[in-house]
Structure formats: C-alpha cells, structure tokens
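Here are the chains, one letter per residue:
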Amino acid sequence: SSGINAEYGDLEGNMISKLKQECGFEYTSKLQKMYTDTHTSKDLNDRFHEFCSTPVPGFSVMVLSDGSWPYSRPSSEFNVPPELQVYHEKFAQFYDKQHNGRKLSWLYNYSKGELEWSRKPKMTHRFQCTMFQTSILLLFNHRDSYTFDEIHANTSIEHEKLDQFLKQLTSLNVLKSSSQSEGALTGSDTFNLNLDFSSRKIRINLALPLKAETKQETEQAHQSIREDRNLVIQACVVRIMKDRKQLKHSLLLAEVMQQLQNFQPSVPSIKKNIFVLIDKEYIDRVEGENDLYQYRA
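What counts, and at which threshold
- Every chain is numbered independently, its residues counted from 1 as its sequence is written.
- Under the rules for a predicted model, residues below a pLDDT of 70 receive no local features and side-chain atom pairs below 80 are neither given nor counted, while totals for whole chains, interfaces and linings still include all residues.
- For the side-chain quantities, the full set of heavy atoms in the structure was used; hydrogens and water were omitted.
- Numbering of helices and strands starts at the N terminus; helices are DSSP runs of H or I of at least 4 residues and strands are runs of E of at least 2.
- Using a 1.4 Å probe on the protein chains alone, a residue whose accessible area is under 20% of its type maximum counts as buried, one over 50% counts as exposed, and one in between counts as partly exposed.
- Two residues qualify as a contact provided that any one of their heavy atoms is within 4.5 Å of a heavy atom in the partner residue.
- The protein chains shown are the only cover counted for residues, whose accessible areas, like all others here, come from Shrake-Rupley with a 1.4 Å probe.
- Ring pairs shown here join Phe, Tyr and Trp side chains whose ring centres sit within 6.5 Å, with only the six-membered ring taken for Trp; geometry is labelled stacked below 30 degrees between planes, edge-to-face above 60, and tilted in between.
- As used here, the arc belongs to the directions running from the helix axis to the C-beta atoms.
- We define the nonpolar core as a collection of buried residues of types Ala, Val, Leu, Ile, Met, Phe, Trp, Tyr and Cys that are connected through side-chain atoms lying within 4.5 Å of one another.
- Helix axes are fitted to C-alpha atoms over the stretch in contact, other axes to C-alpha atoms as well, and angles between N-to-C directions run from 0 to 180 degrees.
- Small angles under 35 degrees read as roughly parallel and large ones over 145 as roughly antiparallel, with 65 to 115 read as roughly perpendicular and the rest as oblique.
- Here a crossing is taken to be left-handed if its near helix is turned anticlockwise relative to the far helix by less than a right angle, and right-handed if that turn runs clockwise.
- Two strands are said to pair when DSSP picks up at least two bridges between them.
- What pLDDT expresses is the predictor's confidence in each residue, scored from 0 to 100.
- Salt bridge, as used here, is a side-chain nitrogen of Lys or Arg placed within 4 Å of a carboxyl oxygen of Asp or Glu.

Student: How should I be thinking about the overall build of the chain in this particular structure?
Tutor: Counting secondary structure elements, the chain contains nine helices and nine strands. Per-residue burial over the chain gives 32% buried out of 297 residues. Within the chain, counting contacts between residues at least 6 apart in sequence, those at least 24 apart form 58% of the total. Accessible area of the chain: about 18900 Å², with a carbon and sulfur share of 50%.

Encoded structure:
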C-alpha cells in the first residue's frame, strides 16, 4: 500500500513539474502547495502519533495552506464532541510546539469520521459520518432521547443546518422523530435512536451532501475554474510574448485563441488578463504605439 502511494505521489510530482514547464509557475503554484500539503500532513501525523503517550487509532489531520484549497471556513461556532476533544486539544498542543506562532483554523464542515453501531449480537454496522452527524449521534451514548433545542445546546450547530442534518438522519432511518410536520423543526421536537435499524451493509455512508452545501460547492467549483482559466490565459500570453518579443494587440488575441484548445476564452477575458500582466510587469505597451506590446525580460 505504501509503495503504491509513493508511486502515485511520484507521478503527481512529475505531472506538476511538466505543467510548470509548459504553463509557468503561477499556473501550478496552487497545485504545488496542495501536493506539498498532502506529503507534509502524512509526516506530521506520523510525528503526532509518536508524540502521544497512548495510541490514537484512526485519528488523522490534514493541515492545508490557507488560500491554496477551494474550502470555506465554517460559518458558525461548533462544539467538538467530548469524545474527540482530547485528541483535538492534543494535536493543537503538538502543532504549536512544532510551528510556534502559526494558528490552526479547524474546518469541521469538511471533517469526517466513522462510528460503530452495535445494538444486537452479531449486528454491527459502521457509519461513515460528517463531523456534525458524529456530534449528534454521539449524544445518544448518554441518553435515549433529545429535543431539537437540547441537541443545539450540546453541538452549537446553527439551527438551519441542524434542521437539515436531523431530517437527513431521520430519512436514513438512523433516528426517529416526533415531528409530523413537513416544515421546519421546532425546539420541542424529540429525537430517539432507531433501535430497529437494520441493513445488509456493514459500512453505510451517511455523509450525503445537503442541498445547500451542494449549491455552495458548485459555486465554489465554478469560481475555481474561472481562476484557473485566468492563469492558463496569462501563461499562454507570457509564452507567446516571450517567443515573439513584440506583437500587435489583434495578433496576440488571435494567437491566444488559436493556442488554447481546451476551452475557448472570450475576447474580454483575454484583454482583462493582458492588463493583469501589464500590472505584473510581464509585458509593456510600446511607447507611442497603443496596440503594440513588448515582452519584458
């Protein structure tokens, strides 16, 4: 397994190097940071497990560079479940010793875990959950039932999201709800574990995306694509100007459109990125010639 991972890691590194040669540093800078983060995090987790006096089975953390990944921070507070709090605090303590002065921002909205459900002999299931689902389900280790307000008080999940998570867990037959309404849940609505839950599967994925999350992720993906395409256009302009040294505006537009076959950039987007490169001092307007550009070595 480790040999296969190392092989894939080498292939990814080689691919980024080739992209850097073809498209330039700016186009691959985020990819390079993401690649570095994955390898650094593996080493960091190994050292964390050595740092702990007792084993921490199944606990791992990805430490990501701010601004390199298309992830957004959680929009509200969240109470880490007491069962996980000790590992959370221990890792923060370990990281502070390793990198004094750096601050960790926890992306609970992207964290996942696995819970073991064992209610009857020879009937064990493993639920793959989001961190928010995990925090809700772990409550039922302590009591048989909770109201909506009590779950909110324990987890601090914002009301709208909590409404969606509880409805989702109810629709998956993991929880039973006292609510008969199709509308928003109320503070007094009560939830119990479904002790009759059954499935032929051992591993069951509960971490299905919420509708609001799907829409947000789609918008983030579109924004990321736009940013990546801008970098591709800029890399193409620089490559052309480096080769031609001087070029008229209309000819530069035509050549960029001819070279970029993976997508068809619009004329306004090419113009916008030419202006960006002028600001970055990669190219200049030739003095006295409004439609002529020259490459700055």
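Student: What's the story with the environment of Tyr-110 in this structure? I'm lost.
Tutor: Looking at the element boundaries, Tyr-110 is found in the loop between helix 3 (82–98) and strand 1 (112–120). Here Tyr-110 falls in the partly exposed class, since its relative accessible area comes to 27%. Each C-alpha atom, one on Tyr-110 and one on Arg-73, is 9.1 Å from the other, the two residues being 37 residues apart in sequence.

Student: Would you take a moment to explain the packing of aromatic side chains for this structure?
Tutor: A ring pair, where both rings are aromatic, is described by two values, the distance of the centres and the angle of the planes. Applying the stated criterion across every chain, the model contains 18 aromatic pairs. Ring geometry for Trp-106 and Tyr-108: centres 6.5 Å apart, planes at 10°, overall stacked. Look at Phe-127 and Phe-197: their rings are 5.4 Å apart centre to centre, the planes differ by 90°, and that puts the pair in the edge-to-face class. On the criterion of sequence distance, the pair formed by Phe-127 in strand 2 (residues 123–130) and Phe-197 in the loop between strand 5 (190–193) and strand 6 (203–205) is long-range, its members being 70 residues apart.

Student: Help me out: how do you make sense of the environment of Met-131 in this one?
Tutor: Position of Met-131 relative to the elements: it lies in helix 4 (residues 131–138). Excluding its chain neighbours within four sequence positions, the residues that come into contact with Met-131 are Phe-78, Pro-81, Leu-84, Tyr-108, Ser-111 and Lys-112.

Student: Even after reading the chapter, I still don't get helix 5 (residues 148–155), so can you show me in this structure?
Tutor: An α-helical turn contains 3.6 residues, so a residue and the one three or four places further along point in the same direction. Turning to helix 5, its buried residues are Phe-148, Ile-151 and Thr-155. The arc enclosing the buried residues of helix 5, seen along the axis, measures out at 65°, which places them on a common side. The inward-facing, buried residues of helix 5 abut helix 4, strand 3 (145–147), helix 6 (159–171) and strand 5. Following helix 5 by one or two positions, Ser-156 adopts a phi angle in the positive range, close to 65°.

Student: Please clarify how the nonpolar core should be interpreted in this entry.
Tutor: When a protein is soluble and globular, its nonpolar side chains tend to lie buried together. Counting residues in hydrophobic clusters, the biggest one holds 31 residues, and the most contacted among them are Phe-127, Ile-136, Leu-137, Ile-151, Leu-166, Leu-175 and Leu-206. The element best represented in this core is helix 4, accounting for five residues. If sequence neighbours within four positions are ignored, Phe-127 has contacts with Gly-113, Glu-114, Leu-115, Trp-117, Leu-137, Val-174, Phe-197, Ile-204 and Leu-206. Core analysis: the next-biggest nonpolar cluster, separate from the first, contains 18 residues, Val-232, Ile-240, Leu-247 and Ile-274 among them.

Student: What is the right way to read helix 4 from this model?
Tutor: Buried residues dominate helix 4, accounting for eight of its eight residues. All of the buried residues in helix 4 are Met-131, Phe-132, Gln-133, Thr-134, Ser-135, Ile-136, Leu-137 and Leu-138.

Student: Would you explain the packing of helix 8 (residues 249–259) against helix 9 (residues 267–279) in this entry?
Tutor: Two quantities define a packed helix pair, namely the angle between the axes and the distance from one axis to the other. Helix 9 packs onto helix 8 with a crossing angle of 115° between their chain directions and a minimal axis gap of 11 Å. As summarised for this structure, helix 8 and helix 9 are arranged roughly perpendicular, according to the angle between their axes. In this structure, the crossing between helix 8 and helix 9 has a hand that is right-handed. Taken together, the residues of helix 9 that come into contact with helix 8 (itself represented by His-249, Leu-252, Leu-253, Val-256 and Met-257) are Val-267, Ile-270, Lys-271 and Ile-274.

Student: What's the story with the sheet that holds strand 8 (residues 283–285) in this structure? I'm lost.
Tutor: Within a sheet, each strand pairs with its neighbour through backbone hydrogen bonds, oriented either parallel or antiparallel. Read across the sheet, three strands follow the order 7-9-8 without closing on themselves; strand pairing throughout is antiparallel. Since the sheet does not close on itself, it has two edges, and those belong to strand 7 (246–248) and strand 8, each with one partner. Sheet twist, expressed as the mean angle between neighbouring strand axes with direction ignored, is 30°. Looking at chain direction, strand 7 and strand 9 (residues 292–295) are connected through three bridges and run antiparallel. Directly across from Leu-247, in strand 9, lies its bridge partner Tyr-293. Sitting on the sheet, helix 8 is in contact with strand 7 and strand 9, with an inclination near 95° to strand 7.

Student: Would you mind going over the confidence of the model for the chain with me for this structure?
Tutor: Here the chain averages 84 in pLDDT, while 90% of its residues score no lower than 70. The weakest mean pLDDT in the chain belongs to helix 1 (residues 2–23) at 61; the strongest belongs to helix 5 at 96. Low pLDDT, under 50, characterises residues 1–8; the predicted model gives this stretch zero contacts beyond four residues in sequence or across chains.

Student: What is the right way to read the pattern of salt bridges from this model?
Tutor: Taken as a whole and assessed by the stated rule, the structure comprises 11 salt bridges. Arg-203 is paired through a salt bridge with Glu-114; the nearest N and O atoms lie 2.3 Å apart. Highlighted residues: Arg-203 in strand 6 and Glu-114 in strand 1, separated in sequence by 89 residues. Classification of Glu-114 as partly exposed rests on a relative accessible area of 36%.

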